[in-house]
Amino acid sequence: MEPAAAMSASPVPTLERESAALRARRLSAARRRATALLVGATALFVAVTAVGAHGTLLGYVQAAAEASMVGGIADWFAVTALFRRPLGLPIPHTALIVERKGQFAATLGQFVQENFLNADVLAERIRSARLVPQLAAWLADEANAARFAGHAADLVVNVAEALRDEDVQRVLTAELTRAVDAVEVAPLAGRALEVIIAGGHHAELFNTIVSAADRYLADHHMELRERFQAESPRWAPDAVYRRVFDRLYNRLRQRLVAMAADPDDQARRQFEEWIAGLPARLEASPELRERGERLKRDILGSAELRDWSSSLWQKAKDTLRTQAADPDSELRHQLAAALVAAGRRLGSDHRLQEGLERVIESGARALADQFHDELAHLITGTIERWDAAETSSQLELLLGPDLQYIRINGTVVGAGVGLALHAIALALA
């Protein structure tokens, strides 16, 4: 069961949003009904009094009409006195809402503070609502988890879209700079080389270097020969230069092939000896350490790094947008699966439920203790800023139709009381 469904099943009344014009029509209709009943009782009293109250029945009618009229007028006065001065007369203790708006604001703020923002009241409400078990059951439902995952993905996209690209780029660059700046390049490279050497990968590195050199020679044969001829003296024929170059070129490529094929080659051993001592030199040599730091500063200050961080953020946004829009995307599937797993774990682990309920209760208590005065002052200050006449008018539109029934009830009850009193008077006579 969804929490929303569980809450909607409880007998909590809901307020419908009505326009001011509709409320005014309802108030006018209710007022006409109450006034018509009072006018009818008054007309009946005048008629019976005018013809003379002869007989038991007319006596009862006159008494009932008189009491009904008195009750209706009294209740009219009481209802009217809440919102304005009856007939515009400066009668004390009338127009109560207008005159007592400040006191009403303070009383309402204190009432909300003591009965709604009280830590014990909130904690008891949280315990009785069993929020954590309901949340666990709701999350464990795959359909609910999928919907929530979709909303969460959309929220992430909206947040990402709201962020300014230049701000994000600046933060990414600053964080990357801060992280890299805290690490010395040379010692880090030395430790990385130690790992490579310990794993025997330096032999592969040598082969890669030799293969790359041979591949470069193969791809740039004509270019290298032309450069050789251009740098050579011009007293010998071009054919001689080409023959010398081809001999050197072929010998060099043969040498590279031999170096790559022979594990005991002298050049390979020299390379291994050099690279074996390089980690220590990188960690101990001030010159190498300074070169590494200079290279790091050049990279961190380069425009290429800023462009890279900008492209990284744009790719991340595009990926998020695509993943969030697709109901079958990996992002939404992973979020939904995580939510379902969390709901099932929460539903089966009672200790976890109790712990989370304690956290929620503690948070509610802390919020109530920290902000109950501020919220009460917010309510009081908001009401105090309202226009008194407008507040009275709006409250009358809201409560007036029900208050008019007080007038009707007063008129009817007055008639009943008048009959009872007349009957008692006759009986005592």
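Notes on the structure in this doc start here.

Cut-off values and rules
- Residues numbered from 1 in each chain as written.
- Predicted model: local features only at pLDDT ≥ 70, side-chain atom pairs only at ≥ 80, totals over all residues.
- Heavy atoms only, no water.
- Helix = DSSP H or I, 4+ residues; strand = E, 2+ residues; numbered from the N terminus.
- Buried < 20%, exposed > 50% of the residue type's maximum accessible area, 1.4 Å probe, protein only.
- Contact = heavy atoms within 4.5 Å.
- Areas by Shrake-Rupley, 256 points an atom, 1.4 Å probe, with all protein chains shown as cover.
- Axes fitted to C-alpha atoms, helices over the stretch in contact; angles between N-to-C directions.
- Parallel < 35°, antiparallel > 145°, perpendicular 65-115°, else oblique.
- Nonpolar A, V, L, I, M, F, W, Y, C, P; charged D, E, K, R; others polar.
- Phe/Tyr/Trp six-rings, centres within 6.5 Å; stacked < 30°, edge-to-face > 60°.
- Core = buried A, V, L, I, M, F, W, Y, C linked by side-chain atoms within 4.5 Å.
- Expected span 1.5 Å × (residues − 1).
- Bend = angle between axes of the 7 residues up to and from the residue.
- Salt bridge = Lys/Arg side-chain N within 4 Å of Asp/Glu carboxyl O.
- Polar contact = N/O pair within 3.5 Å; in protein donor to acceptor, adjacent residues only side chain to side chain.
- Left-handed = near helix turned anticlockwise from the far one by under 90°.

**Re the overall build of the chain**
Scanning the chain from terminus to terminus reveals 19 helices and 0 strands. Here the chain, with 429 residues, has 27% of them falling under the buried criterion. Considering only intrachain contacts with a sequence separation of at least 6, the fraction spanning at least 24 residues in the chain is 73%. With an accessible surface of roughly 28000 Å², the chain has 62% of that area assigned to carbon and sulfur atoms.

**Looking at the packing of helix α14 (residues 266-284) against helix α15 (residues 286-300)**
Running from N to C, α14 and α15 cross one another at 75°; their axes reach a closest spacing of 6 Å. Considered as vectors, α14 and α15 are oriented roughly perpendicular to each other. Counting all contacts with α14, which are made through Arg 281, Leu 282, Glu 283 and Ala 284, the residues of α15 involved are Pro 286, Leu 288 and Arg 289. When the residues that make up the contact of α14 with α15 are grouped by side-chain class, the tally is 4 nonpolar, no polar and 3 charged.

**Re the packing of aromatic side chains**
Throughout the structure, instances matching the rule amount to 1 aromatic pair. Between Trp 138 and Phe 148, the aromatic rings sit 6.1 Å apart at their centres with planes inclined by 90°, giving edge-to-face as the arrangement. Taken together, the residues span a long stretch of sequence, with Trp 138 in helix α7 (residues 131-140) and Phe 148 in helix α8 (residues 142-162) at a distance of 10 residues. Accessibility expressed as a relative area gives 39% for Phe 148, which makes it partly exposed.

**Describing the nonpolar core**
Core analysis: the largest hydrophobic core is formed by 13 residues, its most contacted members being Leu 193, Phe 206, Val 210, Leu 256, Met 259 and Leu 282. Mapped by element, the contributors of at least two residues to this core are α10 (185-198), α11 (202-219), α13 (238-261) and α14. Judged by nonpolar contacts, the second largest core, of 7 residues, contains Trp 138, Leu 139, Ala 145 and Leu 339.

**A word on helix α19 (residues 388-428)**
Relative to the 60 Å expected for 41 residues at 1.5 Å per residue, α19 spans just 52 Å between its end C-alpha atoms, considerably shorter than the ideal helical length. The largest bend along α19 reaches roughly 60° and is located at Gly 400, with the proline Pro 401 sitting one to four residues downstream.

**Considering the pattern of salt bridges**
Applying the stated rule across the entire model yields 7 salt bridges. Salt-bridge contacts for Glu 161 lead to Arg 321; the nearest nitrogen and oxygen are separated by 2.5 Å. Of the two residues, Glu 161 sits in helix α8 while Arg 321 sits in helix α16 (residues 303-325), which places them 160 residues apart along the sequence. For Asp 318, the salt bridge is made with Arg 321, and the minimal N-O distance between the two is 2.9 Å. Residue Asp 318 and its partner Arg 321 are located together in helix α16, separated by 3 residues, close to a single helical turn. The network of salt bridges with common partners includes Glu 161, Asp 318 and Arg 321.

**Quick word on the side chain of Thr 411**
Within the secondary structure, Thr 411 is located in helix α19. A residue is classified by how much of its surface remains accessible, and Thr 411, at 2% relative accessible area, is buried. A polar contact is formed between the side chain of Thr 411 and the backbone oxygen of Arg 407, at a distance of 2.9 Å. Non-local contacts of Thr 411, meaning those with residues more than four positions away in its chain, are made with Leu 37, Ala 41, Ser 68, Gly 71 and Gly 72.

**Observations concerning the packing of α8 against helix α17 (residues 330-348)**
At their nearest, the axes of α8 and α17 sit 8 Å apart, and the two run at 130° to each other. Here α17 runs oblique to α8, going by the angle between their axes. Pair α8 / α17 crosses with right-handed handedness. Residues Glu 142, Ala 145, Ala 146, Phe 148, Ala 149, Gly 150 and Ala 153 of α8 touch α17, and the partners they reach there are Leu 331, Arg 332, Leu 335, Ala 336, Leu 339, Val 340 and Arg 344. Broken down by class, the residue content of the contact of α8 with α17 amounts to 10 nonpolar, 1 polar and 3 charged.

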